[in-house]
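# Per-entry structural report
Below are the chains, spelled out letter by letter.
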Amino acid sequence: MAVPADERLQARGDLAWAIAVGGIGVATFVALLLFAWYFAATLFLMFAGMLLGVTLNAMSNLLGRVVRLPHWLRLTIVCLALAGLVSGLVLLGGATIAEQASVLSDTIKSQLVNVKAFLEKNGIDTSYFGLGNTAAAVSTSSTPAAPGAAAQHNLPSAGELASSGGAIVSQTLKLLLGTVSAVGNFFIVLFLGLTFAAQPGVYRSGLLFMVPAQHRARATIIVDRIGETLERWLIAQILTMAAVFLVTWIGLKLIGIQSAFILGIQAGLLAFIPTVGAVLAGLIVVLASLASGWVAAASALVLFLGVHALESYVLTPIIQRQALDIPPATLFGFQILLGVVFGIWGLALALPLMAIAKVLIDHFKADEMTPADAAD
């Protein structure tokens, strides 16, 4: 049976249109991937600011359950309370933190030398771990100069002075640029967080306005679920970090470990990164405890295992049971992937990104379920 010419032309036109739309879609997707790859640091910075805004907004909402005040006033109270807490910590414990941080740095460097010597004594090559440079630097700085050695050296030449001066200027510029970048990133995250928390409804409405009208109802449900999930997780994470800090600090203080306060702070901060953060915090605690003897190091290891068990089997099931439910292996694999590709930003923000992806997957998976499946 012959197909009319008009139908053949229509079929060809539909095929050409489908190929064109598919090509545009693929090109757009590739362009978005390239954009995300080249501007990943900026996107992560903006996402960190959004998380700060969600945290402030969640605290403001919690305060609203206690007192009936306008949102802007509750947000102001939360910001003043946090600023007062940080200022009090700096004023009361700033000297202690700086002193313990210096002691901790020296202790870890010296213990790295001891670990290197122990491994090499047992026939293990430490060049793969990057311990050689650290050990050489520590040994060089700790080796006293021979008497009269300064008198044996001649005055440096003009070329040596110029070379050393250029190296000093180069290192100074790197330090200044790194400091300016870190401070700038901090204020960017702070500004984004404050502006987002001040008017969350405006940004929510603007985001939904960009969605086509026929899909706006579904997008509203997804955005609200993502916001609620992130709020619950962030509040639970703050409580978990505070508990890890207190238990680690008090435990190390009772054991008699130097720099217990700064070790507790780093353990609490690293608790923001699931699994990987706990392992890093435990390694730092045990390594710093070696300076006080093997008994102290063993006690610190037992404390670390206890804190990790408390976080994994008590705090997470109780505090975060309604926040997130992601299999540990899936989360760990996603962390490693983002950490290798995007560095520390990807490692630190892997869990909230995974939470957003889980909300999207659960939403579309629920839409695909038939009434019979839902009944079962």
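What you see is a predicted model; the values in this text were computed from it and never measured.

### So, the overall build of the protein
In terms of helices and strands, the protein carries 15 helices and zero strands. Expressed as a percentage of its 376 residues, the buried residues of the protein come to 26%. Taking contacts inside the protein between residues at least 6 apart in sequence as the whole, the part at least 24 apart equals 67%. Accessible surface computed for the protein: about 24200 Å², of which carbon and sulfur atoms make up 72%.

### Quick notes on the packing of aromatic side chains
Applying the stated criterion across every chain yields a total of seven aromatic pairs. For the ring pair W249 and F261, a centre distance of 5.1 Å and an interplane angle of 75° mean the geometry is edge-to-face. Taken together, the positions of W249 in helix α8 (residues 216–255) and F261 in helix α9 (residues 260–270) put the pair 12 residues apart, joining distant regions of the chain. Ring-pair connections join several aromatic residues into one group, and the members of that group are F245, W249 and F261.

### Considering the environment of V295
Counting through the fold element by element, V295 comes out in helix α11 (residues 294–319). In sequence terms V295 and I255 are 40 residues apart; their C-alpha atoms lie 9.5 Å from each other.

### A closer look at α8
With 40 residues, α8 ought to run about 58 Å at 1.5 Å a step, and its terminal C-alpha atoms sit 58 Å apart, in line with that. Phi turns positive, to about 100°, at G256, one or two residues after α8.

### Overview of the packing of helix α2 (residues 40–64) against α8
Between α2 and α8, the least distance of the axes is 9 Å, while the angle of their chain directions is 80°. It follows from the interaxial angle that α2 and α8 lie roughly perpendicular. Here M50, L51, V54, T55, N57, A58, M59, N61 and L62 of α2 lie close against α8, whose contacting residues are G227, L230, E231, L234, I235 and I238. In the contact of α2 with α8, the residues fall into 10 nonpolar, four polar and one charged.

### Thoughts on the side chain of Q237
Secondary-structure assignment places Q237 in helix α8. Under the relative-accessibility criterion, Q237 is labelled buried at 4%. Separated by 2.7 Å, the side chain of Q237 and the backbone oxygen of A271 make a polar contact.

### Observations regarding the nonpolar core
Soluble globular proteins: nonpolar side chains tend toward being buried together. Counting 18 residues, the largest nonpolar core has L51, I226 and L230 as its most contacted members. At the level of elements, α2, α8 and α14 (350–368) are the ones that each hand at least two residues to this core. In contact with L230, not counting residues within four places along its chain, are M50, L51, V54, P352, A355 and I356. Residues L263, A267, A281 and A288 belong to the second largest nonpolar core, which totals 16 residues.

### With respect to the packing of helix α7 (residues 200–209) against α8
At a closest axis distance of 10 Å, the pairing of α7 and α8 adopts a crossing angle of 140°. In terms of orientation, α7 lies oblique with respect to α8. Judged by the twist between their axes, the crossing of α7 over α8 is right-handed. Residues R204, L207, L208 and F209 of α7 form the contact with α8, whose own contacting residues are R216, A219, T220, V223 and D224.

### Description of the environment of I356
Take I356: it is sitting in helix α14. Owing to a relative accessible area of 19%, I356 belongs among the buried residues under this scheme. For I356 and G227, which are 129 residues apart along the polypeptide, the C-alpha to C-alpha distance reads 9.0 Å. When near neighbours in sequence (up to four residues on either side) are disregarded, I356 contacts F47, I226 and L230.

### Topic: the confidence of the model for the protein
Scored by pLDDT, the protein has a mean of 75; 69% of the residues are at 70 or more. Taking the mean pLDDT of every element in the protein, the minimum, 45, falls on helix α5 (residues 149–152) and the maximum, 87, on α2. Residue range residues 134–153 is modelled with pLDDT below 50. Its contacts to residues more than four positions away, or to other chains, number five contacts.

### Some words on the environment of A48
Position of A48 relative to the elements: it lies in helix α2. By relative accessible area, which is 12% here, A48 ends up buried. When the C-alpha positions of A48 and W345 are compared, they lie 9.1 Å apart, and in sequence the two are 297 residues distant.

### Some remarks on the side chain of T229
Its place among the elements puts T229 in helix α8. For T229, a relative accessible area of 9% translates into the label buried.

What counts, and at which threshold
- Residues numbered from 1 in each chain as written.
- Predicted model: local features only at pLDDT ≥ 70, side-chain atom pairs only at ≥ 80, totals over all residues.
- Heavy atoms only, no water.
- Helix = DSSP H or I, 4+ residues; strand = E, 2+ residues; numbered from the N terminus.
- Buried < 20%, exposed > 50% of the residue type's maximum accessible area, 1.4 Å probe, protein only.
- Contact = heavy atoms within 4.5 Å.
- Areas by Shrake-Rupley, 256 points an atom, 1.4 Å probe, with all protein chains shown as cover.
- Phe/Tyr/Trp six-rings, centres within 6.5 Å; stacked < 30°, edge-to-face > 60°.
- Expected span 1.5 Å × (residues − 1).
- Axes fitted to C-alpha atoms, helices over the stretch in contact; angles between N-to-C directions.
- Parallel < 35°, antiparallel > 145°, perpendicular 65-115°, else oblique.
- Nonpolar A, V, L, I, M, F, W, Y, C, P; charged D, E, K, R; others polar.
- Polar contact = N/O pair within 3.5 Å; in protein donor to acceptor, adjacent residues only side chain to side chain.
- Core = buried A, V, L, I, M, F, W, Y, C linked by side-chain atoms within 4.5 Å.
- Left-handed = near helix turned anticlockwise from the far one by under 90°.
- pLDDT = per-residue confidence, 0-100.

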